Amino acid sequence: MSKKEFAWPTHYDFPPFFTKQPNRETNTKRVQMWKELIMAYCQSNRIFVINIRESLPTSPLFGNEKISRRLRQDDLHEIIQYMVAAGLAEWLPGETNKVMIYWRKPSEWADIMFEWVQAQGLNESVMTLYEIREGDATVGSEFHGMDSELLLKTLKVMEKMGRAVLFDAEGGDASGVKFLAGE
């Protein structure tokens, strides 16, 4: 399966898009446009976690070489904080440079995974988290290759919904799940 080229919005080529605007309404609109771009780019490229320290200086998401513009770190933090407040992102625990991007929220992933479980006839089946993320059975599913933190959040949502039971390894970390028929 070939990866499709990301379609950059026209404002990505507009230099002020990369600069904080003095007018509050204009800057708010710019932040919203950045939110939409980050969400679309992450979904298109199946990016679940952004490491700001690594991505800011190198990723095409945050810099347009054609117009010699790159987003500043404090501007990106403003955008990420906006996304966190809107429930579209979450700082990883104990991290100040890694943020999980919810181009689909854990509850949406839980519905997708439950539909997959139903379609595959895996009710009452047990799978390891590794099998779900990397196993042959999930190749081609939307959640194959999902970030492990997001997978765990998704499975916890399924557990709250009565659709799964998580199993812990010796160290207390979840290592497996039993899928239930649910509702």
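Below you will find a few notes about this structure. This one's a predicted model, so the numbers in the text were calculated from it and none came from an experiment.

Comments concerning helix α1 (residues 24–45)
Moving on, step 1. The first and last C-alpha atoms of α1 sit 31 Å apart over 22 residues, in line with the 32 Å expected at 1.5 Å per residue.
Moving on, step 2. Buried within α1 we find N27, R30, V31, M33, W34, K35, L37, I38, M39, Y41, C42 and N45.
Moving on, step 3. Just downstream of α1, R46 is the residue with a positive phi angle, here 50 degrees.

Some details on the packing of helix α4 (residues 106–120) against helix α6 (residues 148–160)
Moving on, step 1. The geometry of α4 relative to α6 is characterised by a closest axis approach of 8 Å and an angle of 75 degrees between their N-to-C directions. On the basis of the axis angle, α4 is roughly perpendicular to α6. Facing α4, whose interface residues are P106, S107, W109, A110, M113 and F114, α6 presents L150, L151, K153, T154, L155, V157 and M158.
Moving on, step 2. When its residues are assigned to classes, the contact of α4 with α6 shows 10 nonpolar, two polar and one charged.

Some thoughts on the sheet that holds strand β1 (residues 49–51)
Moving on, step 1. The three strands are arranged β1-β5-β4 in an open sheet whose pairing can be described as antiparallel. Strands with a single pairing partner mark the edges of an open sheet, and in this sheet they are β1 and β4 (89–91). Strand-to-strand twist across the sheet, computed as the mean angle between neighbouring axes with direction ignored, equals 25 degrees.
Moving on, step 2. In this structure, β4 lies alongside strand β5 (residues 98–101), joined through three bridges in antiparallel fashion. Considered in β5, the bridge of W91 is made with V99.
Moving on, step 3. Its contacts with the sheet place helix α3 (residues 73–85) against β4 and β5, and it is angled at close to 110 degrees to β4.

Basis of the calculations
- Residues numbered from 1 in each chain as written.
- Predicted model: local features only at pLDDT ≥ 70, side-chain atom pairs only at ≥ 80, totals over all residues.
- Heavy atoms only, no water.
- Helix = DSSP H or I, 4+ residues; strand = E, 2+ residues; numbered from the N terminus.
- Expected span 1.5 Å × (residues − 1).
- Buried < 20%, exposed > 50% of the residue type's maximum accessible area, 1.4 Å probe, protein only.
- Axes fitted to C-alpha atoms, helices over the stretch in contact; angles between N-to-C directions.
- Parallel < 35°, antiparallel > 145°, perpendicular 65-115°, else oblique.
- Contact = heavy atoms within 4.5 Å.
- Nonpolar A, V, L, I, M, F, W, Y, C, P; charged D, E, K, R; others polar.
- Pairing = 2+ DSSP bridges.

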